[in-house]
Amino acid sequence: MSMNNYMEQAEQYLLHTYNRYQIVLEKGEGVYLYDTNGKKYLDFAAGIAVNALGYSNEEYKTALKNQIDLLMHTSNLYYNVPMAEASKKLAKASGFDRVFFTNSGTEAIEGAIKTARKYAFNKDGKTDHEIIAMKHSFHGRSLGALSVTGNPHYQEAFKPLIGGISFADFNDLDSVKALVNEKTCAILLEPIQGEGGIYPATKEFMEGVRKLCDAHDILLIFDEIQCGMGRCGSMFAWQGYGVKPDVMTCAKALGCGVPVGAFVMSQKAAVLVPGDHGTTYGGNPFACAAVSKVFDLYESENIVENVNKISVYLNDKLDSLVEKFDCVEGRRGKGLMQGLILNKPANDLVLKAMEQGLILITAGTNVVRIVPPLVITKEHVNEMIEKLEKSLAGLQE
Ligand SMILES: *Cc1c(COP(=O)(O)O)cnc(C)c1O
């Protein structure tokens, strides 16, 4: 079948909730994707910051194939070997005491919200607790996660959402302080806002919210679903700031393609007990085999080291585009989570890049998001910049 046939068939049967790009992807190899016509694309989007190890990593594939032969699923009523291994590795890498595996990032946020409410409930027995989240944040699409997502456009048609949520201005500590009251049970933020346009938190802001939480015995929750897993130059972004939350959510690159997330917490926030929370699939043997192998490969392939080395090179090149092209106004980000700020619609550039065989994504209307696999080399950066320059030149015509 031609690409058009596949796309028509998909559109005939799928619920139309995405405006998809007009390509049908068939396979991936290293940091390249191929469509069904055999066209090759350099991938600097990594399935939205998921494919940290690139595509078709042999060791990763072998681990998954072996686990398929052994056991895919048993439910959380029993123990299994991968769950024991993956939970230890995630706890060690993240610096937290307790792990709950989920099927997605959204579901990890749900768990974090329930943790915050239970923590406060255990203190005063009340059920009127409030959470402070940030404007321009993104935490997912379920009703709970949507309720803490600071984007009124996503929320409007689905109200009433869960109650007791207020929104502060990101990086404005006074705006957070103004919202804290005796009902507040948690402050939730992304250390580097992703979907909202790639905005890194300042160190002062992170330190400030930590102090505020300590002073009021409020849980600090970091959503590291996008910025975690080495992308920003430390295994988790909080480590780069030296500001540790009480609860952290994780997903995207945690499974490097297998759908899995987690919320992790320090002992003091380990308040959920049997009966409070559960999931059929969450952290099943197949998902945990992926997580376990991902952590092994992060070590053996020195992923975080590579991020720190290559991001200096990439960001230097991106900065030179700001000088060179009138339509590029600036760059923001941390590590290999970067945004190029345009004075034109970002999607126009994404479409031009796709013609050139380069996959990029947007973050908001005027920011092009650059979240490549974490295994990229200088050669890949050079190739990307060459394609990006051609695309930018086309955009300025
Ligand atoms: C992607 C994302 C989510 C939602 O994760 P899903 O796996 O799509 O449910 C939540 N928070 C952040 C910061 C994200 O980037």
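Residues numbered from 1 in each chain as written. Predicted model: local features only at pLDDT ≥ 70, side-chain atom pairs only at ≥ 80, totals over all residues. Heavy atoms only, no water.

Observations concerning the domain arrangement of the protein chain
What counts here: Residue ranges for the domains originate in an automatic or database domain assignment. Contacts between residues were defined by any pair of non-hydrogen atoms, one from each residue, lying within 4.5 Å. Throughout, the accessible surface (probe 1.4 Å) given up by two parts as they are put together, summed over both, is called the buried area. Between Lys or Arg on one side and Asp or Glu on the other, a salt bridge is scored when a side-chain nitrogen of the former is within 4 Å of a carboxyl oxygen of the latter. Helix and strand assignments follow DSSP, with helices taken as H or I runs no shorter than four residues and strands as E runs no shorter than two, numbered in order from the N terminus.
The assigned domain composition of the protein chain is domain 1 (3–57 + 302–396) and domain 2 (59–300). The straight-line distance from the C-alpha centre of domain 1 to that of domain 2 is 26 Å. Across the boundary between the two partners, domain 1 contributes 29 residues, which contact 30 residues of domain 2. Summing both sides of the interface, domain 1 and domain 2 together bury roughly 2,400 Å²; the carbon and sulfur share of this comes to 59%. Inspection of the region where domain 1 meets domain 2 yields one salt bridge. Among the salt bridges present, the one from Arg 369 reaches Glu 195, with a minimum N-O distance of 2.9 Å. Looking at the side of domain 1 that touches domain 2, the elements that each hand over two or more residues are α2 (46–49), α12 (303–324), β13 (328–334), β14 (337–342) and β17 (367–370). For the side of domain 1 that touches domain 2, the element with the most residues is α12, which contributes four residues.

As for the sheet that holds strand β11 (residues 247–250)
Condition: Between any two strands, at least two bridges found by DSSP are needed for them to pair. For every element, the axis is a line fit to its C-alpha atoms; helices are fit only across the contacting stretch, and the angle between N-to-C directions ranges from 0 to 180 degrees.
Pairing within the open sheet is mixed, and its seven strands lie in the order β4-β12-β11-β10-β7-β5-β6. The outermost strands of the open sheet, each flanked by one partner alone, are β4 (98–102) and β6 (165–168). Here the average twist between neighbouring strands, direction ignored, is 20°. When β11 meets strand β12 (residues 261–265), the two strands line up antiparallel, connected through four bridges. In the strand pairing of β12, Met 248 is matched with Val 264.

Things to note about the nonpolar core
Applied cut-off: The nonpolar core is taken to be a set of buried Ala, Val, Leu, Ile, Met, Phe, Trp, Tyr and Cys residues, with the residues joined through side-chain atoms within 4.5 Å. When accessible area is computed with a 1.4 Å probe and restricted to protein chains, residues below 20% of their type maximum are described as buried, those above 50% as exposed, and intermediate ones as partly exposed.
If you look at the biggest cluster of nonpolar residues, it comprises 105 residues, and the most contacted ones within it are Ile 187, Met 229, Tyr 298 and Leu 388. If one sorts the elements of this core by residue count, helix α11 (residues 285–300) sits on top with nine residues. The residues that make up this core include at least three from each of domain 1 (3–57 + 302–396) and domain 2 (59–300). Ignoring sequence-local partners within four residues, the contact set of Ile 187 consists of Ile 132, Met 134, Val 176, Val 209, Leu 212, Cys 213, Ile 218, Leu 219, Leu 220 and Ile 221. Ile 113, Ala 116, Ile 221 and Met 265 belong to the second largest nonpolar core, which has 24 residues in total.

Describing the environment of Ile 132
Its location among the elements puts Ile 132 in strand β5 (residues 130–134). Spatially, the C-alpha atom of Ile 132 lies 7.7 Å from that of Val 180, the residues being 48 residues apart in sequence.

Looking at the pairing of β11
On β11, burial covers both faces: Val 247 and Thr 249 on one face and Met 248 and Cys 250 on the other are all buried. Examined bridge by bridge, strand β10 (residues 219–223) and β11 share three bridges and lie parallel to one another. Bridge assignment links Ile 221 to a residue of β11, and that residue is Val 247.

A word on the packing of helix α4 (residues 81–94) against α11
Under the convention used in this document: Note that the term roughly parallel is reserved for angles under 35 degrees, roughly antiparallel for angles over 145, roughly perpendicular for angles of 65 to 115, and oblique for everything else. By definition, turning the near helix anticlockwise from the far helix through less than a right angle yields a left-handed crossing, and turning it clockwise yields a right-handed one. Residues are grouped as follows: Ala, Val, Leu, Ile, Met, Phe, Trp, Tyr, Cys and Pro are nonpolar; Asp, Glu, Lys and Arg are charged; all remaining types, including Gly, are polar.
One can describe the packing of α4 onto α11 by two numbers: an axis separation of 8 Å at closest approach and a directional angle of 40°. Here α4 lies oblique to α11, going by the angle between them. Crossing geometry of α4 relative to α11 is assigned as left-handed. The residues of α11 that touch α4, namely those facing Pro 82, Met 83, Glu 85, Ala 86, Lys 89, Leu 90 and Ala 93, are Pro 285, Cys 288, Ala 289, Val 291, Ser 292, Phe 295 and Asp 296. Residue composition of the contact of α4 with α11, by class: ten nonpolar, one polar and three charged.

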